[in-house]
Amino acid sequence: MIFTKTDIAGVELIELEKFTDDRGFFARSFCVEELKQNGHAFDIVQANLSFNDQSGTLRGMHYQQNPVGDPKIVRCISGKIFDVVIDLREGSPTYCQWVSAELSAQNRKSFIIPSGCAHGFLTLEADSEVMYLMGAPFVPDLAAGVRWNDPAFAIEWPSSPKKINDRDANCPDYERLK
């Protein structure tokens, strides 16, 4: 596994280290030891899939409040997405900043996202499927979100969403939550 730091501490892009031969390649996509060596204590407690039939579908920006944050590793296993992470950890030097990456079945990249960060994505292709490896259980009473186009973050989305559910469209601005 190849780890690339982003501008937000703890948020890293993970690429496969491929071992190729005439059959194709073999690569490790998850390894507790390699994660630990790169500063990430991560135990999988849940795995989730998100299937999105239309290009331009937006999901997010979601996070789980303390005391049970929701660290995750996100990978697009079919199609292509524009994936976004916002640092909502008060006291962090990158508080309220965001990073993004294009994740696709073709590039096989993943994002590791620590607790205290909001996450969301916009599908860039129809039939995009996203796999989440979760480091904490889902606690409905702690589920929260901020508006995808909140001016406090000024995320530079590649396009406006064509499909978004009411909950995500009506998430509050972050300033109102503080």
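Everything below is about the structure shown above.
Quick summary incoming for the structure in this document. (Residues numbered from 1 in each chain as written. Predicted model: local features only at pLDDT ≥ 70, side-chain atom pairs only at ≥ 80, totals over all residues. Heavy atoms only, no water.)

## Side note on the layout of surface pockets
Roughly 660 Å³ of internal volume is contained in the largest pocket. Surrounding the largest pocket, 32 residues form its lining, Arg59, His62, Tyr132, Phe138 and Arg167 being those nearest its centre. Residues that form the lining of the largest pocket fall into these classes: 13 nonpolar, 12 polar and 7 charged. (1 Å grid on protein atoms, 1.4 Å probe; cavity = no way out; pocket = protein on both sides within 12 Å on 5 of 7 lines; lining within 4 Å. Points joined across faces, edges and corners; volume = space filled by probe spheres on them. Nonpolar A, V, L, I, M, F, W, Y, C, P; charged D, E, K, R; others polar.)

## Observations concerning the environment of Asn165
Relative to the helices and strands, Asn165 resides in the loop between β13 (143-145) and α2 (166-169). As a C-alpha pair, Asn165 and Thr57 span 108 residues in sequence and 9.0 Å in three-dimensional space. (Helix = DSSP H or I, 4+ residues; strand = E, 2+ residues; numbered from the N terminus.)

## Overview of the side chain of Thr57
Following the sequence through the fold, Thr57 ends up in the loop between β5 (46-52) and β6 (58-64). Within the structure, Thr57 has its side chain in polar contact with the backbone oxygen of Gln54 (distance 2.8 Å). Residue contacts for Thr57: discarding those within four places in its chain leaves Asn52, Phe121, Leu122, Thr123 and Lys163. (Polar contact = N/O pair within 3.5 Å; in protein donor to acceptor, adjacent residues only side chain to side chain. Contact = heavy atoms within 4.5 Å.)

## Brief notes about the pairing of strand β2 (residues 12-15)
Pairing between strand β1 (residues 2-5) and β2: 4 bridges, direction antiparallel. The residue of β2 that forms the bridge with Lys5 is Glu12. Turn length for the β1-β2 hairpin, with the two strands adjacent in sequence and antiparallel, is 6 residues, and the turn residue Gly10 shows positive phi of about 90°. Bridge count between β2 and strand β10 (residues 110-113): 3 bridges; the pairing is antiparallel. Within the sheet, the bridge partner assigned to Leu13 lies in β10 and is Phe111. (Pairing = 2+ DSSP bridges.)

## Section: a nonpolar patch on the surface
A cluster of nonpolar side chains, Leu49, Ile77 and Met131, forms an exposed patch at the surface whose accessible area comes to about 240 Å². Along the chain, Ile77 turns up in strand β7 (residues 72-78). (Patch = residues over 30% accessible without salt bridge, like charges linked within 9 Å, V, L, I, M, F, W, Y side chains within 5 Å. Areas by Shrake-Rupley, 256 points an atom, 1.4 Å probe, with all protein chains shown as cover. Salt bridge = Lys/Arg side-chain N within 4 Å of Asp/Glu carboxyl O.)

None of the figures reported here should be taken as evidence of function without further support.
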